Amino acid sequence: MSWDNLPLLIILALSVLGNNQTVAIAAGFLLIIKLLGLNALFPLLESKGLNVGIIILTIAILTPLATGRISLNSMLTAFRSPLGIIALSAGVFVAWAAGRGLLLITASPEMISSLVLGTVVGVCFLQGVAIGPLVAGGLVSLMVGLLSILK
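Given the structure is predicted, the values throughout are model-derived calculations rather than measurements. (Residues numbered from 1 in each chain as written. Predicted model: local features only at pLDDT ≥ 70, side-chain atom pairs only at ≥ 80, totals over all residues. Heavy atoms only, no water.)

**Observations concerning the packing of helix α4 (residues 72–80) against helix α5 (residues 82–107)**
Packing of α4 against α5 brings their axes to within 4 Å, and their N-to-C directions diverge by 90°. Classified by the interaxial angle, the pair formed by α4 and α5 is roughly perpendicular. Within the contact between the two elements, α4 uses Ala 78, Phe 79 and Arg 80 and α5 uses Pro 82, Gly 84 and Ile 85. Class assignment for the residues of the contact of α4 with α5 results in four nonpolar, one polar and one charged. (Axes fitted to C-alpha atoms, helices over the stretch in contact; angles between N-to-C directions. Helix = DSSP H or I, 4+ residues; strand = E, 2+ residues; numbered from the N terminus. Parallel < 35°, antiparallel > 145°, perpendicular 65-115°, else oblique. Contact = heavy atoms within 4.5 Å. Nonpolar A, V, L, I, M, F, W, Y, C, P; charged D, E, K, R; others polar.)

Printed below as a string of structure tokens:
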């Protein structure tokens, strides 16, 4: 096996040790693609995978609306509560931060390895969720912006 596979093997091992199926399946899937020589799939996964993943995540989040478990009335009630207003504000902030993270990753692709490693550690050992690289990138962008203002 090539040494090029070592990063995926390490991520796979960490995810198994950290009992995180999501990262284990992702790392295993990519490792299998690599071992089968299906490298032509990587550009497609890289260019479209994030959008497809976000679409699937959004479908899962919106499903309670489609099934009627969450009604328009309960949504309006939630928006009027202090917790609902905080949740709405947090959602706006995280979406904005993730957008900045995507810009940072696009502008500085060398940051990806640090963001991914941090996310893998957070997912595997702190019960985080694998969307971390975008949000982490946004927070890095925000901190860099704040530090440049303070100079």
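More follows now that the structure is in view.
**Topic: the packing of helix α2 (residues 21–35) against helix α3 (residues 41–67)**
Interhelical geometry of α2 versus α3 gives an angle of 150° and a closest axis separation of 11 Å. Classified by the angle their axes make, α2 and α3 are roughly antiparallel. Mapping the contact onto sequence places Phe 29, Leu 30, Ile 33 and Lys 34 in α2 and Leu 41, Phe 42 and Leu 45 in α3. Of the residues that constitute the contact of α2 with α3, the class distribution is six nonpolar, no polar and one charged.

**Regarding the confidence of the model for the protein**
Summary statistics for the protein give a mean pLDDT of 85 and a share of 97% for residues scoring 70 or more. For the protein, per-element mean pLDDT is lowest for helix α6 (residues 112–126), which scores 80, and highest for α2, which scores 90. (pLDDT = per-residue confidence, 0-100.)

**A word on a nonpolar patch on the surface**
Taken together, the side chains of Phe 29, Ile 32, Leu 36, Leu 38, Leu 41, Leu 44 and Leu 45 make up a nonpolar region of the molecular surface, amounting to roughly 650 Å² of accessible area. Counting only elements with at least two residues in the nonpolar patch, the list comes to α2 and α3. Looking at which element gives the most residues to the nonpolar patch, the answer is α3, with three residues. Note that Phe 29 resides in helix α2. Judged by its relative accessible area of 47%, Phe 29 is partly exposed. (Patch = residues over 30% accessible without salt bridge, like charges linked within 9 Å, V, L, I, M, F, W, Y side chains within 5 Å. Areas by Shrake-Rupley, 256 points an atom, 1.4 Å probe, with all protein chains shown as cover. Salt bridge = Lys/Arg side-chain N within 4 Å of Asp/Glu carboxyl O. Buried < 20%, exposed > 50% of the residue type's maximum accessible area, 1.4 Å probe, protein only.)

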